[in-house]
2 protein chains.
Amino acid sequence: MKTVKVGLLGIGNVGSGTFQILSMNRNSIAEAAGKPVCVAGVLARNKNKKRDIDIDPDIISDDPDCILKSDEIDIVVEALGGIEPATTFMINAMKNGKHVVTANKAAVAANYDKLLKTASENGVQFKFEASVGGGIPILNAVSTVLRGNEFTEIMGIVNGTTNYILTKMTEEGLPYETALKSAQEKGFAEADPTADVEGIDVANKLTILMALAFGVYVKPEEIPTLGISRITEKDIAEARANGEKIKLIAHAKKENGKLQYSVKPMRLAENHPLAGVSNEFNAIFITGNAVGELMFYGRGAGPLPTGSAVVGDIIEISKTITY
Amino acid sequence: MKTVKVGLLGIGNVGSGTFQILSMNRNSIAEAAGKPVCVAGVLARNKNKKRDIDIDPDIISDDPDCILKSDEIDIVVEALGGIEPATTFMINAMKNGKHVVTANKAAVAANYDKLLKTASENGVQFKFEASVGGGIPILNAVSTVLRGNEFTEIMGIVNGTTNYILTKMTEEGLPYETALKSAQEKGFAEADPTADVEGIDVANKLTILMALAFGVYVKPEEIPTLGISRITEKDIAEARANGEKIKLIAHAKKENGKLQYSVKPMRLAENHPLAGVSNEFNAIFITGNAVGELMFYGRGAGPLPTGSAVVGDIIEISKTITY
């Protein structure tokens, strides 16, 4: 039996999580995929950097073509983040006959049609479960087992950084700046938190969710987007006095055949299922015309949760690979 | 393009929900399946019974062989419930080359190996998403996109009747008998509620969950099972005084390589994600060694939610049918 060979573009959070899972769950993954799966190439800037995970230095290269043009790689995992060069790398991989898996919401949201078209033209699969909700398997559900439904509404808490900040503000009465600093200290927020706190990351994810659930592609920059940086202690207190919690919500709703969408802080009744989603957790609440209300809850970030979704995609593709 | 033809065994709750969805979402289902899907045969005791849904009387028959042996039926949906004759019908359908979809947890739990083996021997697919958690797509997630994980624990609220009764007891301080009567009046509990309130239905579902998540088949009658009929107002009050809620939990946990399992009422801290699952709703809380904690929440019963899962299975099978 031949082994499925994976090439990792990038060995940061997502790349190292993926590598770790493919190693620690090697046997059960081989059983699920019907064949062994191994990492045969890793793109990294610094071959000799000290890493927490044990990678054979011989498979590390700083030349993307060692993976993109390799004859032996079957699946390329793009784990660089950012729109470019990630998109170009993915397209080149597809043109070289490689299946592509990514967690990169910015690249998928910006180049959705182009990436899907290139995959289709080259007869390869393109999967991006990890791009929304990290380890939460929402995209697969919406694209497969829930397809008996026509969806009417999606509400998502899909950014752990902002949910952590809002939780701190709500539960500990902290002002925004102090809560942000706490998030940065815990590694939940970056030094420049703009993409998270201004809702840009959430808009990328809403673009992807809407494309799959409603079959409509809306550019992230066309989604009315408001972040959380102007939320005050007074806003939080007013919501609480009203029995509500403030959450940053990716929202899309179909009314009279027209799709309405926004990213903005919303006041949710305390007994709304999304109101109980705290700290860095994510959840997606979705309504279908048959199934009614569904919610998916879990870890939206982190090397292993995000790696779980990447590996899930790798397994699904591996099942279909025949030599 | 040929149409996929579905035969429904039974036109009660599940059968009529399935029929309704295939009709109301006809176009989006055809798009998802890559071909039209229609109901070509219905098994019913009484051809002329007045029904809420509009079925062409010409496709209704009281002879199961009209579906099981039909040359035109591709997929048989078993929606009769109970172990027999449902199991025999499913096996005969498979032997006649038909794919089978069911929502029948009792039959799947009792005859798991036999049903899977018969499907495999006859080169047909056998799917049963609706058998656990109704419309919640837990089985597909556990069998596909989450396979990068080794699972360590499952906790499920998978019976709407008992969750409704416990919610009434908790929120309104009702005694068990009064809450049961309320559930019966609302149609959430049957006249003979034994299978629900004694945990038998939950044990069937735990058998199926464990088979898929842990690859271990445990007969439902071998699962230590305790229902809710002996829970008193005092138990509920004691739990509340302790900041806890009582829920009937299907529980499986892997410790030191050994699988422990039970169905029993458990006291959960009020901030446990499952503690917020009220009334007739279901939820499954699952832990994987990569993804961490995940929860799936939704409607565990009812014609349309259960039909959603049945139709999801029909679509997945239809995608693979070529003529």
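A quick note: this is a predicted structure, and the numbers were derived from the prediction, not measured. (Residues numbered from 1 in each chain as written. Chains lettered and ligands numbered in written order. Predicted model: local features only at pLDDT ≥ 70, side-chain atom pairs only at ≥ 80, totals over all residues. Heavy atoms only, no water.)

**Q** Hey, could you run me through the overall build of chain A in this one?
**A** On a plain count of helices and strands, chain A comes out with 13 helices and 11 strands. For 323 residues, the compact-globule estimate of 2.2 N^0.38 gives 20 Å, and chain A sits close to it at 20 Å. By its C-alpha atoms, chain A is 60 × 45 × 35 Å across when sized along the principal axes. Here chain A holds 323 residues, and 59% of them are scored as buried. When the accessible surface of chain A is split by element, carbon and sulfur atoms take 47% of a total near 13,200 Å². (Helix = DSSP H or I, 4+ residues; strand = E, 2+ residues; numbered from the N terminus. Rg over C-alpha atoms; globule rule 2.2 N^0.38 Å. Buried < 20%, exposed > 50% of the residue type's maximum accessible area, 1.4 Å probe, protein only. Areas by Shrake-Rupley, 256 points an atom, 1.4 Å probe, with all protein chains shown as cover.)

**Q** Help me out: how do you make sense of the relation of the copies chain A and chain B in this one?
**A** Two copies of the chain are present, and they differ by a rotation about an axis and a shift along that axis. Expressed as a screw transformation, the operator carrying chain A onto chain B has a rotation angle of 180° and an axial translation of 0.0 Å, and the superposed copies differ by an RMSD of 0.0 Å. A rotation of that kind, with that shift, is consistent with a two-fold axis. For chain A, the smallest separation between a C-alpha atom and the rotation axis is recorded for A:F296, amounting to 2.4 Å. (Least-squares fit on C-alpha atoms with pLDDT ≥ 70 in both.)

**Q** For this particular structure, what's the right way to read the domain arrangement of chain A?
**A** All names here are of chain A. Examined at the domain level, chain A breaks down into domain 1 (4–135 + 303–320) and domain 2 (140–299). Each of domain 1 and domain 2 was reduced to a C-alpha centroid, and the two centroids are 27 Å apart. Contact with domain 1, which involves 15 residues of that partner, is made by 15 residues of domain 2. Summed over both sides, the interface between domain 1 and domain 2 buries roughly 1,200 Å², with carbon and sulfur atoms accounting for 68% of that surface. The largest share of the area that domain 1 buries against domain 2 comes from A109, Y112 and V132, three residues that together contribute 43% of it. Between K105 and D201 there is a salt bridge, with its nearest N and O atoms 3.4 Å apart. For the pair domain 1 and domain 2, the number of links is 5 residue pairs in polar contact (both at pLDDT 80 or more). Those elements giving two or more residues to the side of domain 1 that touches domain 2 turn out to be α5 (105–110) and α6 (112–121). Ranked by the residues each element gives to the side of domain 1 that touches domain 2, the list is headed by α5, at 5 residues. (Domains from an automatic or database assignment. Contact = heavy atoms within 4.5 Å. Buried area = accessible area lost by both parts, 1.4 Å probe. Salt bridge = Lys/Arg side-chain N within 4 Å of Asp/Glu carboxyl O. Polar contact = N/O pair within 3.5 Å; in protein donor to acceptor, adjacent residues only side chain to side chain.)

**Q** I keep staring at the sheet that holds strand β7 (residues 151–157) of chain A and nothing clicks. Help me out?
**A** Strands pair in a sheet through their backbones, by hydrogen bonds, and they do so in one of two ways: parallel or antiparallel. Across the sheet, which stays open at both edges, the 10 strands sit in the order β9(A)-β8(A)-β7(A)-β10(A)-β11(A)-β11(B)-β10(B)-β7(B)-β8(B)-β9(B) with antiparallel pairing between neighbours. In this open sheet, the two strands that pair with only one neighbour each are β9 (258–269) of chain A together with β9 (258–269) of chain B. Here the strands of the sheet are splayed against their neighbours by 15° on average, with no regard to which way each runs. Where strand β10 (residues 281–288) of chain A lies against strand β11 (residues 292–299) of chain A, 8 bridges are found, and the strand directions are antiparallel. Bridging across to β11(A), A:G288 finds its partner in A:G292. Helix-sheet contacts for helix α12 (residues 233–241) of chain B involve β8 (244–255) and β9 of chain B, and the interaxial angle to β8(B) is about 80°. (Pairing = 2+ DSSP bridges. Axes fitted to C-alpha atoms, helices over the stretch in contact; angles between N-to-C directions.)

**Q** I tried to follow the pairing of strand β2 (residues 37–43) of chain B on my own but got confused; where do I start?
**A** If a strand is regular, its side chains alternate between the two faces of the sheet. Residue and element names in this part refer to chain B. Taken across its 7 residues, β2 has 6 buried, putting it largely inside the fold. With 6 bridges connecting them, strand β1 (residues 4–9) and β2 associate as parallel partners. Along β2, the bridge assignment pairs V6 with V39. Direction of pairing for β2 relative to strand β3 (residues 60–61): parallel, over a ladder of 2 bridges. Bridge assignment links L43 to a residue of β3, and that residue is S61.

**Q** I keep staring at the interface of chain A and chain B and nothing clicks. Help me out?
**A** Many authors give the size of an interface as the accessible area that is lost as the parts come together. At the junction of the two partners, chain A supplies 40 residues and chain B supplies 40 residues. For the pair chain A and chain B, the summed buried surface comes to about 3,200 Å²; carbon and sulfur atoms form 57% of the total. Its largest share of buried area at the contact with chain B, chain A owes to A:V145, A:G148 and A:Y297, together 18% of the area lost on that side. Our count for the contact surface shared by chain A and chain B stands at 0 salt bridges. Applying the counting rule to chain A against chain B returns 10 residue pairs in polar contact (both at pLDDT 80 or more). Looking at the side of chain A that touches chain B, the elements that each hand over two or more residues are α1 (13–24), α2 (26–33), α7 (138–143), β11 and α13 (303–320) of chain A. With 8 residues, the single largest contributor to the side of chain A that touches chain B is α13(A).

**Q** I would appreciate a short explanation of α1(A) in the present structure.
**A** Two residues of an α-helix separated by three or four positions point the same way, owing to the 3.6 residues in each turn. Residue and element names in this part refer to chain A. Given a rise of 1.5 Å per residue, 12 residues ought to cover 16 Å, and the 16 Å separating the end C-alpha atoms of α1 matches this to within 8%. Inspection of α1 places V14, G15, S16, G17, T18, F19, I21 and L22 among the buried residues, and these make up the whole buried set. In this fold, the buried residues of α1 make contact with β1 (4–9), α2, β2 (37–43) and α13. (Expected span 1.5 Å × (residues − 1).)

**Q** Please explain the side chain of A:N111 as it appears in this structure.
**A** One can find A:N111 in the loop between α5 and α6. When sequence neighbours within four positions are dropped, the list of residues in contact with A:N111 reads A:I83 and A:T87.

**Q** When you look at the side chain of A:S70 in this model, what are you seeing that I'm missing?
**A** Looking at where A:S70 falls in the secondary structure, it is placed in the loop between α3 (65–68) and β4 (75–78). Non-local contacts of A:S70, meaning those with residues more than four positions away in its chain, are made with A:D65 and A:K98.

**Q** Would you explain the state of the cysteines in this entry?
**A** As used in these notes, a disulfide is a covalent bond between sulfur atoms, one from each of two cysteines. Residue and element names in this part refer to chain A. On inspection of all chains with the given rule, the structure shows 0 disulfides over all chains. Cysteine C66 is unpaired, with the sulfur of C38 as its nearest cysteine sulfur at 16 Å. On the accessibility criterion, C66 (45% relative accessible area) is partly exposed. (Disulfide = S-S within 2.5 Å.)

**Q** Is there a simple way to think about the sheet that holds β2(B) in this case?
**A** Strands sit in the order β3-β2-β1-β4-β5-β6 (chain B) across an open sheet of 6 strands; the sheet is parallel. What marks the edges here is a single partner per strand, and that holds for β3 and β6 (126–127) of chain B.

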